[in-house]
Amino acid sequence: MLADDSVLLREGVARILAETGFVVTGQASDGAGLLAMVRRDPPDVAVVDLRMPPGFSAEGIDAAAAIRATAPEVGLLILSQYVEVHHALRLMTQFDGGVGYLLKDRVSDLTAFAGDVRRIGGGQTVMDPELVAQLVRRRREQDPLEELTARERSVLGLMAQGLSNAAVAAELHLSVKTVEAHIGAIFAKLGLAPDDREHRRVRAVLTFLRA
């Protein structure tokens, strides 16, 4: 299934997918239309424009989140005109596999694009090479882990293993209140918002930063 407010681009992607062996079961001009189609008949993969009506900001990822909550088996590919690192990082940390972020220019390479869609449908994660390059440059310019104290690194390491706050406190012989204070400092230094404070996302961020 496809969602893009540009009829020309949407039809172009549909034609490319059809020519490379896919069956396009539905097209929509916005996230709400896509979500309605997915609820009726979930596809293997949904290809979604990042910016769509009504706000032209991050409607594509918002729609992807709603789809993942409704039909977790659906692969999700976000297409964007430009590399937007903060949106890509949200995609990497919020979703567990079966996702991708590609620039629209990549669609013109039929073989590569079809391969990416199939990998996403198979549960893999696909990131645009330009996005990867920007993430690497960003890491080299400033590694936020360098700002953490030794104690904060210990706390983050245990959190990355899936330990609860109470378990971290017991392991480090600290009070739960002290651990919570350390966690607040860690998230502040890593630039994570309060709604990013689930252990699953911490593990993803930690893995990325240490890669």
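As the structure is a prediction and not an experimental result, all values here were calculated from the model. (Residues numbered from 1 in each chain as written. Predicted model: local features only at pLDDT ≥ 70, side-chain atom pairs only at ≥ 80, totals over all residues. Heavy atoms only, no water.)

A word on the packing of helix H3 (residues 59–70) against helix H4 (residues 85–94). The angle between the axes and the distance between the axes are what describe a pair of packed helices. Put simply, H3 and H4 touch, their axes get as near as 11 Å, and they point 10 degrees apart. Classified by the interaxial angle, the pair formed by H3 and H4 is roughly parallel. Contacts from Ile-61, Asp-62 and Ala-65 of H3 reach H4 at His-87, Arg-90 and Gln-94. Residue composition of the contact of H3 with H4, by class: 2 nonpolar, 2 polar and 2 charged. (Axes fitted to C-alpha atoms, helices over the stretch in contact; angles between N-to-C directions. Helix = DSSP H or I, 4+ residues; strand = E, 2+ residues; numbered from the N terminus. Parallel < 35°, antiparallel > 145°, perpendicular 65-115°, else oblique. Contact = heavy atoms within 4.5 Å. Nonpolar A, V, L, I, M, F, W, Y, C, P; charged D, E, K, R; others polar.)

When the UniProt feature table is mapped to this numbering, "modified residue: 4-aspartylphosphate" (unreviewed entry) covers Asp-49. Within the secondary structure, Asp-49 is located in strand S3 (residues 45–49). Here Asp-49 is in contact with Ala-3, Asp-4, Asp-5, Gly-60, Leu-79 and Lys-104, once residues within four sequence places are set aside. (UniProt positions renumbered as here; feature names shortened; annotations may be inferred.)

The full count for this structure, using the stated rule, is 7 salt bridges. The shortest N-O distance in the salt bridge between Arg-90 and Asp-62 comes to 3.0 Å. Of this pair, Arg-90 sits in helix H4 while Asp-62 sits in helix H3; the two residues are 28 residues apart in sequence, bridging distant segments of the chain. Among the residues examined, Arg-90 registers a relative accessible area of 26% and is labelled partly exposed. On the basis of relative accessible area, Asp-62 is assigned to the partly exposed category, the value being 40%. Notably, a salt bridge pairs Arg-106 with Asp-128, separated by 2.8 Å at the nearest N-O pair. Placement of Arg-106 in the loop between strand S5 (99–103) and helix H5 (110–121) and of Asp-128 in the loop between strand S6 (125–127) and helix H6 (129–141) is noted, with a sequence separation of 22 residues between them. Residues joined in a network through salt bridges with shared partners are Asp-4, Asp-49 and Lys-104. (Salt bridge = Lys/Arg side-chain N within 4 Å of Asp/Glu carboxyl O. Buried < 20%, exposed > 50% of the residue type's maximum accessible area, 1.4 Å probe, protein only.)

Moving on, we get to the environment of Leu-34. In this structure, Leu-34 sits in helix H2 (residues 31–40). For the pair formed by Leu-34 and Ala-63, sequence separation is 29 residues and the distance between their alpha carbons is 7.8 Å. Once residues lying within four places of it in the same chain are set aside, the contact partners of Leu-34 are Met-1, Leu-2, Ala-3, Ala-28, Ala-46, Val-48 and Ile-67.

So, on to the packing of helix H8 (residues 165–172) against helix H9 (residues 176–190). Put simply, H8 and H9 touch, their axes get as near as 9 Å, and they point 105 degrees apart. Relative to H9, the element H8 lies roughly perpendicular. Here H8 contributes Asn-165, Ala-166, Val-168 and Ala-169 to the contact with H9, which in turn contributes Val-176, Val-179, Glu-180 and Ile-183. Within the contact of H8 with H9, the residues separate by chemical class into 6 nonpolar, 1 polar and 1 charged.

Moving on: the pairing of S3. With 5 of 5 residues buried, S3 is to be regarded as a mostly interior element. Burial of the side chains of S3 extends over both faces: Val-45, Val-47 and Asp-49 are buried on one face and Ala-46 and Val-48 on the other. Examined bridge by bridge, strand S1 (residues 2–3) and S3 share 2 bridges and lie parallel to one another. Bridge pairing in S3 links Leu-2 to Val-47. For S3 and strand S4 (residues 75–80), the ladder comprises 5 bridges, and the chain directions are parallel. Each residue of the ladder has a partner; that of Val-45, found in S4, is Gly-75. Taken together, S3, H3 and S4 constitute a β-α-β crossover, and its handedness is right-handed. (Pairing = 2+ DSSP bridges. Right-handed = clockwise from strand over helix to strand, strands pointing away.)

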